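The lines below spell out each chain.
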Amino acid sequence: MSGYYPSVRTLPSLTIRRAGIITKPDDQESAEYAGRLCAWLGSLNIDTTIDCITPDLDILIVLGGDGTLLHIAENAALHAIPVVGINLGYLGFLTEFTATETENALQSLLAGPVTIENRQMLRVQLLSGGVSSGKRYALNEVVINKKAEDRLLNLASRADNNTITTYKADGLIFSTPTGSTAYNLSAGGPLVHPGLAAILVTPICPFMLGSRPIILPADRVITTSFDSRSDSARAKIIVDGQQTWDMHQGDILEIKSASLPLRLVTSARRDYFSILRTKLHWGFQGVPCRD
C-alpha cells in the first residue's frame, strides 16, 4: 500500500560500481569538487558520471545544499538509487555530511554497515475535467499558492470521501514529515519526525481564525478543488520549489503517499535532534542542550 515501508534499513555494506555525482547548478566550487571526487572514486575503480541519473547507478552523491538534493529526489526515488548529501556550505537537513567528511563517509559505505532512511514522498496530479496532467513526486511539499494580485483562494479539501473544510487562504501546503522543517514550519505547521508516515496540511495565511494545520494518516487520498468567482482566476501548483502547473476553476489536485521512498544515506555521527538543534538554534543563549 502506498506510503508503507520500513522507515530505516541497515545494510552490511553497499556494492558501488557506478556512482553519479550531482553538482549545484552554476556553482564553481561544486564543479571543482566534483572533479576531485571523480579522481578519488576512480582510484577505487568506481566509474562516475556527473549530472546524469541513470537506472544503473549504485549511488548518487549530491554536492550542494538541500535545494540541490530536492531537485533530483524525484528521479532518485523512481530508480531506487540511494542518495548521499554532501553540503558544501552550512549543515543541511538533508545534506548532512560536510565536505571534509566526504571520503570517510564513502569509505564507511563500502565497509558497512550502512544506515538508509526511507523518506516518504508524495505523488501528486492535477485533474482538469477528469483528465490527469501527469504525475509528479515531492520529497518536501506540494503547494497551492495564489498570485500576488489575486484574492484569497477558496480550496475545498477532502480526505478520501470525507470533507475537511473549504480553506479561505493565500494557499495550502501539503508536506511530508521530511518537509515539515521547510515551508510548513514557516507557515506555523508542526515538526514531524521523518520516521513517521503522515501527510501534513497547512494553510498559508488563512482568513479563518479556526483554520489550523492538520496531520493525516499516510494512507489517505487528499483532494482539493479550486473554487473561484472568475473563470480567468488561476492558482499556482509548486512541487518542491518548482512551479509545475496552473490550477483553474473546477480543477482538482490529488495528493497521496508515493509507493517509492527516497533512500537517504544518513550519518552515524548525527541524529535528527542534533540537526534540529543546530539548524533551529535550540538551546539557551547558544549553549548546546545537554542529554
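Above this text sits the structure in question.
Residues numbered from 1 in each chain as written. Predicted model: local features only at pLDDT ≥ 70, side-chain atom pairs only at ≥ 80, totals over all residues. Heavy atoms only, no water.

1. Re helix α3 (residues 102-111)
- Every buried residue belonging to α3 is among Thr102, Ala105, Leu106 and Leu109, and all of these are buried. On an axial view of α3, the arc spanned by its buried residues comes to 95°, and they lie on one face. What points out from α3, more than 90 degrees from its buried face, is the exposed set Asn104 and Ala111.
- Against the buried residues of α3 lie α1 (28-43), β4 (59-64), β5 (83-87), β6 (97-98), β7 (114-119) and β20 (262-265).
- Just downstream of α3, glycine 112 is the residue with a positive phi angle, here 75°. (Buried < 20%, exposed > 50% of the residue type's maximum accessible area, 1.4 Å probe, protein only. Helix = DSSP H or I, 4+ residues; strand = E, 2+ residues; numbered from the N terminus. Arc of directions from axis to C-beta. Contact = heavy atoms within 4.5 Å.)

2. Re α1
- Compared with an ideal rise of 1.5 Å per residue, which puts 16 residues at 22 Å, α1 spans 23 Å between its outermost C-alpha atoms and is within 8% of the ideal.
- Among the residues of α1, those classed as buried are Ser30, Tyr33, Ala34, Leu37, Cys38, Trp40 and Leu41.
- In this structure, the buried residues of α1 make contact with β2 (18-23), β3 (47-50), β4 and α3.
- Capping the start of α1, aspartate 27 holds a side-chain oxygen 3.4 Å from the backbone nitrogen of glutamate 29, two or three residues further along.
- Directly after α1, the chain includes asparagine 45, whose backbone phi takes a positive value near 65°. (Expected span 1.5 Å × (residues − 1). Polar contact = N/O pair within 3.5 Å; in protein donor to acceptor, adjacent residues only side chain to side chain.)

3. Digging into empty space enclosed by the protein
- Taken as a whole and assessed by the stated rule, the structure comprises one cavity of 30 Å³ or more.
- Of the volumes computed, that of the largest cavity is approximately 40 Å³.
- Ile16, Ala19, Leu41, Ile46, Ile59, Ile61, Leu106 and Leu110 together form the lining of the largest cavity.
- Every element with two or more residues in the lining of the largest cavity is listed here: β4 and α3.
- The residue makeup of the lining of the largest cavity, split by class, is eight nonpolar, no polar and no charged. (1 Å grid on protein atoms, 1.4 Å probe; cavity = no way out; pocket = protein on both sides within 12 Å on 5 of 7 lines; lining within 4 Å. Points joined across faces, edges and corners; volume = space filled by probe spheres on them. Nonpolar A, V, L, I, M, F, W, Y, C, P; charged D, E, K, R; others polar.)

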